[in-house]
Amino acid sequence: DGGITQSPKYLFRKEGQNVTLSCEQNLNHDAMYWYRQDPGQGLRLIYYSQIVNDFQKGDIAEGYSVSREKKESFPLTVTSAQKNPTAFYLCASTPTNSPLHFGNGTRLTVT
Amino acid sequence: AQSVTQLGSHVSVSEGALVLLRCNYSSSVPPYLFWYVQYPNQGLQLLLKYTSAATLVKGINGFEAEFKKSETSFHLTKPSAHMSDAAEYFCAVIIRNSGNTPLVFGKGTRLSVIA
């Protein structure tokens with residue numbers, strides 16, 4: 001079955017460490033997105049990529065980095081510069097002019 | 001720029017009662033509108049979408065929404081709530097034919113269903 005796979009589902013890190021969240025899709029979608037979800041704040045856009053080797057900052061890109069070397073993969077790195085990294089991270093993808101398909105998320109806890 | 005406002009961060013209804021979740025949008029050009037549902041610790045699933053065809057849109061699980069341009073609203077309804085409807089619901093907006101410009105989401109409304 002086609003879909004979006006985010007791994008791992010739960011991730012624990014010590015403060016000051018960088019951590020990379022994986023997002024893979026086999027839907028042949030062009031565009032991919034990373035959102036951060038915090039209680040009561042809805043979904044906030046971190047980064048998005050409309051084609052391979054290109055990506056744009058979203059509303060809260062500071063402290064995050066991404067790459068898009070392959071169409072099916074869009075990993076997100078949470079760097080030590082991100083002041084409040086503990087959150088639920090959602091990856092999504094879409095073909096042009098269609099609704100988003102979401103992965104099941106990664107819950108990151110930094111202590 | 002587009003935006004959505006979801007009135008009420010938490011709505012509680014009795015099983016069998018009407019569900020009404022409110023969404024108002026702001027957009028300078030005609031929008032596409034979406035409702036998504038999220039169950040705990042999962043991603044979002046598309047419930048329904050408005051893309052300029054019929055103003056009354058039917059979605060999955062018995063939900064529907066009506067696009068009202070004069071009120072800039074896209075409220076989500078279901079005639080009879082079921083326990084399995086308990087989840088968080090998000091309204092989202094995008095400009096029509098804007099390619100893959102990101103959706104803008106509301107802050108969400110958590111629906112509780114009381115037996």
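It should be noted that the structure appears before, not after, this text.
Not measured: the values here are computed from a predicted model. (Residues numbered from 1 in each chain as written. Chains lettered and ligands numbered in written order. Predicted model: local features only at pLDDT ≥ 70, side-chain atom pairs only at ≥ 80, totals over all residues. Heavy atoms only, no water.)

Overview of the overall build of chain B
Scanning chain B for helices and strands turns up 0 helices and 11 strands. For 115 residues, the compact-globule formula gives about 13 Å, and the C-alpha radius of gyration of chain B, at 14 Å, lands near that figure. Considering only intrachain contacts with a sequence separation of at least 6, the fraction spanning at least 24 residues in chain B is 58%. Just so you have it, chain B exposes about 5,300 Å², and 53% of that area is on carbon and sulfur atoms. Each charge class in chain B was averaged separately, 9 positive and 6 negative side chains, and the resulting centres sit 8 Å apart. (Helix = DSSP H or I, 4+ residues; strand = E, 2+ residues; numbered from the N terminus. Rg over C-alpha atoms; globule rule 2.2 N^0.38 Å. Contact = heavy atoms within 4.5 Å. Areas by Shrake-Rupley, 256 points an atom, 1.4 Å probe, with all protein chains shown as cover. Lys, Arg positive; Asp, Glu negative; His and termini not counted. Charge placed at Lys NZ, Arg CZ, Asp CG, Glu CD.)

A closer look at the sheet that holds strand E1 (residues 4-7) of chain A
All names here are of chain A. In spatial order, the strands read E1-E3-E8-E7; together these 4 strands make up an open sheet with antiparallel pairing. Taken across any chain shown, the strands that pair with only one partner, and hence form the sheet edges, are E1 and strand E7 (64-66). The mean angle between the axes of side-by-side strands here comes to 20°, regardless of whether they run parallel or antiparallel. One ladder, built from 4 bridges, connects E1 with strand E3 (residues 19-25); its direction is antiparallel. Bridge assignment links Ser-7 to a residue of E3, and that residue is Ser-22. (Pairing = 2+ DSSP bridges. Axes fitted to C-alpha atoms, helices over the stretch in contact; angles between N-to-C directions.)

Describing the side chain of B:Gln38
Considering the arrangement of structural elements, one finds B:Gln38 in strand E4 (residues 31-38). Separated by 2.7 Å, the side chains of B:Gln38 and A:Gln37 make a polar contact. Among the polar contacts listed, one links the side chain of B:Gln38 to the backbone oxygen of B:Gln42, at a separation of 2.8 Å. Filtering out sequence-adjacent residues up to four positions away, B:Gln38 remains in contact with A:Gln37, A:Phe88, A:Leu90, B:Gly43, B:Leu44, B:Ala87, B:Glu88 and B:Phe90. (Polar contact = N/O pair within 3.5 Å; in protein donor to acceptor, adjacent residues only side chain to side chain.)

Points about the interface of chain B and chain A
Interfaces are often sized by the accessible area lost when the parts come together. Across the boundary between the two partners, chain B contributes 21 residues, which contact 26 residues of chain A. Taking both partners together, chain B and chain A bury about 1,700 Å²; carbon and sulfur atoms supply 53% of that area. Breaking the side of chain B that touches chain A down by element, the ones donating at least two residues are E4, strand E5 (44-50) and strand E9 (87-95) of chain B. Class assignment for the residues of the side of chain B that touches chain A results in 8 nonpolar, 10 polar and 3 charged. (Buried area = accessible area lost by both parts, 1.4 Å probe. Nonpolar A, V, L, I, M, F, W, Y, C, P; charged D, E, K, R; others polar.)

So, the packing of aromatic side chains
Overall, the coordinates contain 14 aromatic pairs over all chains when judged by the stated rule. Here A:Tyr47 and A:Phe55 contribute two aromatic rings whose centre-to-centre distance is 5.9 Å and whose plane-to-plane angle is 80°, an arrangement assigned as edge-to-face. Relative accessible area serves as the criterion here: at 7%, A:Tyr47 is assigned to the buried category. Owing to a relative accessible area of 36%, A:Phe55 belongs among the partly exposed residues under this scheme. Where A:Phe102 meets B:Phe105, the ring centres are 6.2 Å apart and the plane angle is 70°; that geometry is what we call edge-to-face. Of this pair, A:Phe102 sits in strand E10 (residues 101-102) while B:Phe105 sits in strand E10 (residues 104-105), which puts the two residues in different chains. Of the residues examined, B:Phe105 reaches a relative accessible area of 10% and is grouped as buried. (Phe/Tyr/Trp six-rings, centres within 6.5 Å; stacked < 30°, edge-to-face > 60°. Buried < 20%, exposed > 50% of the residue type's maximum accessible area, 1.4 Å probe, protein only.)

Concerning the pattern of salt bridges
On inspection of all chains with the given rule, the structure shows 5 salt bridges over all chains. Of the charged contacts in the structure, one is a salt bridge between B:Glu64 and B:Lys58, with a shortest N-O distance of 2.8 Å. A relative accessible area of 23% means that B:Glu64 is categorised as partly exposed. Across the pair B:Asp85 and B:Lys78 runs a salt bridge, and its minimum N-O distance is 2.9 Å. An identical accessibility class is assigned to B:Asp85 and B:Lys78; each is buried. One salt-bridge network, held together by shared partners, links A:Arg36, A:Asp38 and A:Arg44. (Salt bridge = Lys/Arg side-chain N within 4 Å of Asp/Glu carboxyl O.)

Just distances and angles here, no functional claims.
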